[in-house]
Every structure is written in C-alpha cells, then in structure tokens.
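# Examining the three-dimensional arrangement
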Amino acid sequence: MDKIIMCGYSVHRQYTSQGEKGRFYAFRLQSHGECDARLNGEPLRLKKGDLLMMVPGDRLAIHKPFNAADASDTSGDYYLLCQGDWIASWFRRLNGRRRLEVPTGESILDLWKLIIRETHRLPDAADGAYLEALLHAFCLSVEHLLHRARGGQSEFVVSRMKRYIEDHAFEKLRVAEVAAAASLSESRALHLFREITGQSVVDYLTDVRLNYALDQMKYTDSTLEEIAENTGFGTYTYFHRVFKRKMGEAPGAYRQKYRREEATL
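Here is what the cut-offs are and how they apply
Residues numbered from 1 in each chain as written. Predicted model: local features only at pLDDT ≥ 70, side-chain atom pairs only at ≥ 80, totals over all residues. Heavy atoms only, no water. Salt bridge = Lys/Arg side-chain N within 4 Å of Asp/Glu carboxyl O. Helix = DSSP H or I, 4+ residues; strand = E, 2+ residues; numbered from the N terminus. Buried < 20%, exposed > 50% of the residue type's maximum accessible area, 1.4 Å probe, protein only. Core = buried A, V, L, I, M, F, W, Y, C linked by side-chain atoms within 4.5 Å. Contact = heavy atoms within 4.5 Å. Lys, Arg positive; Asp, Glu negative; His and termini not counted. Expected span 1.5 Å × (residues − 1). Arc of directions from axis to C-beta.

With that settled, consider the pattern of salt bridges. Applying the stated rule across the entire model yields 15 salt bridges. For R99, the salt bridge goes to D50, with nearest N and O atoms at 2.9 Å. One end of the pair, R99, is in strand 9 (residues 99-101); the other, D50, is in strand 6 (residues 50-54), and 49 residues separate them in sequence. Relative accessible area serves as the criterion here: at 9%, D50 is assigned to the buried category. Note that E249 is salt-bridged to K257, the shortest N-O span being 3.0 Å. With relative accessibility at 33%, the residue K257 sits in the partly exposed group. Taken together, the shared-partner salt bridges in this structure form one network comprising K48, E101, R163 and E166.

As a further point, take the nonpolar core. F27, W112, F138 and V142 are the most contacted members of the largest nonpolar core, which totals 32 residues. The set of elements that each furnish at least two residues to this core consists of strand 1 (3-12), strand 3 (25-32), strand 6, strand 8 (75-83), helix 1 (85-92), helix 2 (108-121) and helix 3 (128-147). The biggest single contributor to this core is helix 3, with 8 residues. When residues no more than four places from it in sequence are discounted, the contact partners of W112 are C7, F27, R28, L29, L51, Y78, Y79, L80 and F138. If you look at the next biggest cluster of nonpolar residues, it comprises 19 residues, including V178, A189, L192 and Y212.

So, about the side chain of R255. Inspection of the secondary structure assignment puts R255 in helix 10 (residues 251-264). The buried charged residue R255 lacks any salt bridge partner; its closest oppositely charged side chain belongs to D221, at an N-O distance of 5.5 Å. Other than its neighbours up to four places away in sequence, R255 contacts Q216, M217, T220, D221, S222, T223, L224 and I227.

When the terminal C-alpha atoms of helix 9 (residues 236-247) are compared, their 15 Å separation across 12 residues agrees well with the 16 Å that a helix rising 1.5 Å per residue should span. Within the span of helix 9, buried status applies to F239, V242 and F243. Angular distribution of buried residues about the axis of helix 9 spans 100°; they occupy a single face of the element. Residues T237 and R245 are exposed on helix 9 and point more than 90 degrees away from its buried face.

Shape descriptors only; they carry no functional weight alone.
Given below as structure tokens:
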C-alpha cells in the first residue's frame, strides 16, 4: 500500500535546511514568497508556484534570506512525503523531471489541503485506502499538469498578471505595475482581467491575501495581528473589516469555530 508519511503547510521568516538526503518521495510547493535552494547541488531560485518532486536520495538544501525591516519577507510552502510501489512507479514515469510550474488557480492546491486535513484527522493506519486514493489522485493531477498544453494567448496574459499579483500580494501594489508586468496599458489590463476572470484586479488581490491569511489561521499558531501584517493587509483593523465582509464573521470567531470543528472530527 502507498502511504503518506507526512503532509503539511509551513511559513517562515528564516529557514535553513542542512541538506540531508531524503528517505521518501517528496513534493514541495512554494506557496508564497521566494527562497534560494540547492537540489543535489544545483542552485535554484524558487518562486510562488514552483513545485519540486524528489526521490529517495535526493539532497535538498533551502535558505530563506531574512530582512528584519521587511514584514513581507516570508516564505511559505506545502510539503508531502510518501512511499510505496505505485508511487515509485509513478516517479519513474517522470523521466528525471524534478520541477514544475503550477499555474494560478489549479485545483491541485485544494486537493493538497484536503490531504493535510485528512492526515491530521484520521488516526494512524485508519482509512488507509482513502488516503491512498487521495495520494494517487494528487499524483495524477500533477501528471496532468505536466502534459497539458498551454491555453490561449489571452488566458496566458491574464495568468501572467495573476502570477505578478500573487508574487507581490504582500506589498503596496498598483494596477499600473500589474499592467506593466503583462506589457499592457492599464485600461487594457483592467478590461482583459475582468473579461477572463470575472473580477477586478483589486478584488483578486484581496482574495489572494485572504487565502494566504486563511492558511495561516488554520495551519499555524501566528496571532491574527501577525497574520494581518504578513499577508499584506497591514493593520488588524483593516484585515478584520475585509475578513468580516468576505467571510461573514470576524477572524477570531472563524478561527475558533474551525478549531472546534477540527477537535470534534
């Protein structure tokens, strides 16, 4: 049976791995921020959306520079360690492929979050077949991304704007900067973004920040004030107002309800 050894989400202001050899097959997705890394001695600059796929024996070393004056200088990642015969066979099909750029909005992240939830909820060795099925679905989703053709030109341009927004979500971001990243005029960028996504640039930026905040509220012990600062909202007062408007309740009440539900599962 294929097994999930460990799965979770981490956020850090500074992190250094000693580069020990991995004992399991592993996935690591840069969820926000950037970090320097070496995979088997090869230098990498990991940006949001970069997925690493590693086999037993691979050596990964990660270092996130720390800038005490910059509250947005954080790095976050999802990780999954697994083992099993099917997994080994699947990794062999990669033919040495170790890195993949995951486009914005892919459902693979929702699946990853579900796996995190279920591995934390289920007792050891319980419902192993269910977790194995989730793991296989996750791997097949990755394989689908590897083989999928690019979309149309407009979707590609909007994807570039989305990626720029996500990469700079923790900063004071202007629409003009987003348009410039896609080599468009501001008016054209605004029109195309709404045409393809159905929402404005500002609304998308707010959603990105809110999603990062929700992950940190669920999977870390950071205070709400720290989360507001780390995710680009700046002050807790503003974060509280946006969160309540979007989610229908205050951040503190949402976090308490989530933890009560987790405790009863």
